[in-house]
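Now for the letters of each chain:
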Amino acid sequence: MRILLVSQMYPGPSAPDFGAFVRQVEVGLEQRGHEFARAVIDRRAGSRVKYLRLASQAIAAARRFRPDVVYAHFLFPAGAIAAAAARASGAGLVVTAHGQDVRNLGAIPGVSSATRLTIRRGRVVAVSDFLRRQLVARLSGLGEVEVIDCGVDLERFHGAVQKSEKQLRKLSSKAEELLPYPIPNDAALAPPPAAAQALYGSIVGTVAARVQELVRVPARGERPGLRLAVAHDAADEQLRGVE
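Residues numbered from 1 in each chain as written. Predicted model: local features only at pLDDT ≥ 70, side-chain atom pairs only at ≥ 80, totals over all residues. Heavy atoms only, no water.

Caption draft 1: Geometry of the confidence of the model for the chain. Mean pLDDT over the chain: 76, with 61% of residues reaching 70 or higher. Across the chain, element-level confidence peaks in strand E2 (residues 35–40) with a mean pLDDT of 97 and bottoms out in helix H7 (residues 165–177) with 57. Confidence drops under a pLDDT of 50 for residues 179–190, and excluding neighbours within four residues, the segment shows 20 contacts in the predicted structure. Scored below 50 in pLDDT, residues 217–224 shows 10 contacts in the model against residues more than four places distant or in partner chains. (pLDDT = per-residue confidence, 0-100. Helix = DSSP H or I, 4+ residues; strand = E, 2+ residues; numbered from the N terminus. Contact = heavy atoms within 4.5 Å.)

Caption draft 2: Expanded view of the sheet that holds strand E4 (residues 92–97). The strand order E2-E1-E3-E4-E5-E6 describes an open sheet built from 6 strands, whose pairing is parallel. Two strands bound the open sheet, and with one partner strand each, they are E2 and strand E6 (145–147). Mean inter-strand twist for the sheet, computed between neighbouring axes without regard to direction, equals 25°. Of the strand pairs in this sheet, strand E5 (residues 123–126) and E6 are connected by 3 bridges, and their pairing is parallel. (Pairing = 2+ DSSP bridges. Axes fitted to C-alpha atoms, helices over the stretch in contact; angles between N-to-C directions.)

Caption draft 3: Spatial organisation of the pattern of salt bridges. Overall, the coordinates contain 9 salt bridges when judged by the stated rule. Arginine 123 is the partner of glutamate 144 in a salt bridge, and the nearest nitrogen-oxygen pair spans 3.9 Å. Of this pair, glutamate 144 sits in the loop between helix H6 (129–138) and E6 while arginine 123 sits in strand E5, and the two are 21 residues apart along the sequence. Residue classification places glutamate 144 among the partly exposed positions, given a relative accessible area of 40%. Salt bridges sharing common partners tie together Arg23, Glu26, Glu30 and Arg38. (Salt bridge = Lys/Arg side-chain N within 4 Å of Asp/Glu carboxyl O. Buried < 20%, exposed > 50% of the residue type's maximum accessible area, 1.4 Å probe, protein only.)

What follows is the structure, encoded as structure tokens:
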């Protein structure tokens, strides 16, 4: 699959940590054979003009690369820019909401309207059920919002991992509170292109593989005493057997 990645955060020479999680998802999808083109901002500095440049780059890349899916990180402005790129190339659209972009809804004039138009164009992924519920509350009448928790990179974040039994029970209880809840579909929204549906499966597969890798960490002896609890949808074929 040909995927155009659009993000307002992406690692660059002057800021290698800037949106490192976006690059990790990209790498995971590349390892599954998908081809990427990018329209990204890879530095923190700069005025808001950089978003106009991002829009120009994304639309030009979409016309040149002819992607099957435009995959955006953050609802606005990257999501709105990606929607324009998807329209320019006739591609599907998938947008991931990360946190602050959801909190900006209603707080910054015009962002809610732009986000609503973006969501009508494609499919939305939230990185937690807490965030999904916030998004649904702030933008009523949404269709389905998928929850895909990208987990934690233990090679990058390797602080103290020993937890007491009490702490582990507390974490398990919190995980149960965050299990997905059913939300209504909006029949007025047009179904997304098949390519966007396929990208969903690839993202879930990437996360499933990463979860399996994390489960194997204690067996390698890298984190003696580490216990991992995984909360997931038992109906998901790709996550069955990962406990």
